[in-house]
Amino acid sequence: MHIRESICPLCGNPSPSGEVCGQCRALSTRWLECPPRVSTVLCPTCGARKDAGGWSDLQLEREELARQLIKRAIWLHPDLRDVSMNIALDEISTNRSRAECRISGILFGAPVEGSCSLEVELRREQCDRCSRISGSYYEGVVQVRATGRRPSQRELEETARIACAVEASMTESGERLSFISRLEEHRDGIDIIVGSQRLGSEIATAISRDLGGRFTTHPKLVGEKAGRQVFRITYSLRLPRYSRGDIVLVSGRHLEVLGVDGKNIRCLDHASGMVRSVPERQVERKAGHKGDALEWMVAYRDGDLLGVLDPRTGVTKEVRIPRGKETSAGTTVRILEDGDLLVLLE
Ligand SMILES: [Zn+2]
Ligand SMILES: [Zn+2]
């Protein structure tokens, strides 16, 4: 009686409980299931992948992608422990690979080993974004203009850089359809044509935050789609008359524009080092941009006068330096020329 209870009724090997032993259970249990084929859809233009009906930009190497698909497709018994899976991939064509998989583990305390082979297929289909781009689809236009002038080349470049940075960060956060369709430079500014209204409004917000100015929003009904009205939005942005980095003349002093706040300009007075707010109407004129300043070598100092060498001609000129500023011969200073006048910056 005692002996019969402690052996496996199937194989006769010892079984402490007297029930079917782990090895016999493992032998009669199906623990591995493998479909003959797995496939996924990739966009041939941008590499996006269609997963569970939606497109995503998460890009993987072809082999890594195949391994991931295989691991997801193979079913293993939930009681299988210490699983080890070895996948050997063999490319059959540009779109297909054959995978040989060897799987081993411990099931009910008994080691098991199995193998299967499957085909991995990569199908090609143009993604939602690429088909919108190729179909010239757009939902909005950010129109960048400036008050009383054309935006400078610097502002146009800055505008394009900001727009692309906003696009990149939205794409990264998963907003695939927030793409810039194209940039169009006009005589009076630049138009940024965008694939989503959110991108348009984010770009307009970022540009006015970085370069100043304000924008207004103008929706226009362009049609109907599935019973819903479809709008295109124009974000009309006007850069301020004076922009950051401009050197302006106010009551005979040269000030650097730090920012524009409504009708007031925040300025840095390089001569005193003070920041102050000046009403825009007090600006006599724009004298230049700090980016146009050049490095001049200091030849000598005589009291509050500096002798500086024109970097283009080598001719020495004099410029008055603000009280308390430490500058000595041999160093360089940044100077902007306003006509015959030298403006010492910093
Ligand atoms: Zn047994
Ligand atoms: Zn694509």
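Just so you know, these numbers come straight off a predicted model, no measurement behind them.

(A) Inspection of helix 6 (residues 197-211) at higher detail. The terminal C-alpha atoms of helix 6 lie 21 Å apart, and with 15 residues this matches the ideal 21 Å at 1.5 Å per residue to within 8%. Within helix 6, the full set of buried residues consists of Leu-199, Gly-200, Glu-202, Ile-203, Ala-204, Ile-207, Ser-208 and Leu-211. Those residues of helix 6 that are buried are in contact with strand 9 (140-146), helix 5 (153-172), strand 11 (189-194), strand 12 (214-225) and strand 13 (228-239).

(B) Spatial organisation of the confidence of the model for the chain. Of the residues in the chain, 99% reach a pLDDT of 70 or more, and the chain-wide mean stands at 91. Within the chain, no element has a lower average pLDDT than helix 1 (residues 2-5), which sits at 54, and none a higher one than strand 9, at 97.

(C) Up close: the domain arrangement of the chain. Here the chain is partitioned into domain 1 (1-30), domain 2 (31-124), domain 3 (136-239), domain 4 (241-288) and domain 5 (293-346). Averaged C-alpha coordinates put domain 2 and domain 3 at centres separated by 42 Å.

(D) Examining the sheet that holds strand 18 (residues 283-289) more closely. The five strands lie next to each other as 17-16-15-14-18, forming an open sheet whose pairing is antiparallel. Only two strands of the sheet have a single neighbouring strand rather than two, namely strand 17 (274-279) and strand 18. Strand-to-strand twist in this sheet, taken as the mean axis angle between neighbours without regard to direction, amounts to 40°. Pairing of strand 15 (residues 253-261) with strand 16 (residues 264-269) involves six bridges; the strand directions are antiparallel. The residue bridging Val-257 from the neighbouring strand is Cys-267, located in strand 16.

Rules of the game
Residues numbered from 1 in each chain as written. Chains lettered and ligands numbered in written order. Predicted model: local features only at pLDDT ≥ 70, side-chain atom pairs only at ≥ 80, totals over all residues. Helix = DSSP H or I, 4+ residues; strand = E, 2+ residues; numbered from the N terminus. Expected span 1.5 Å × (residues − 1). Buried ≥ 20, exposed ≤ 12 C-beta atoms within 10 Å, placed from the backbone. Contact = placed C-beta atoms within 7 Å. pLDDT = per-residue confidence, 0-100. Domains from an automatic or database assignment. Pairing = 2+ DSSP bridges. Axes fitted to C-alpha atoms, helices over the stretch in contact; angles between N-to-C directions.

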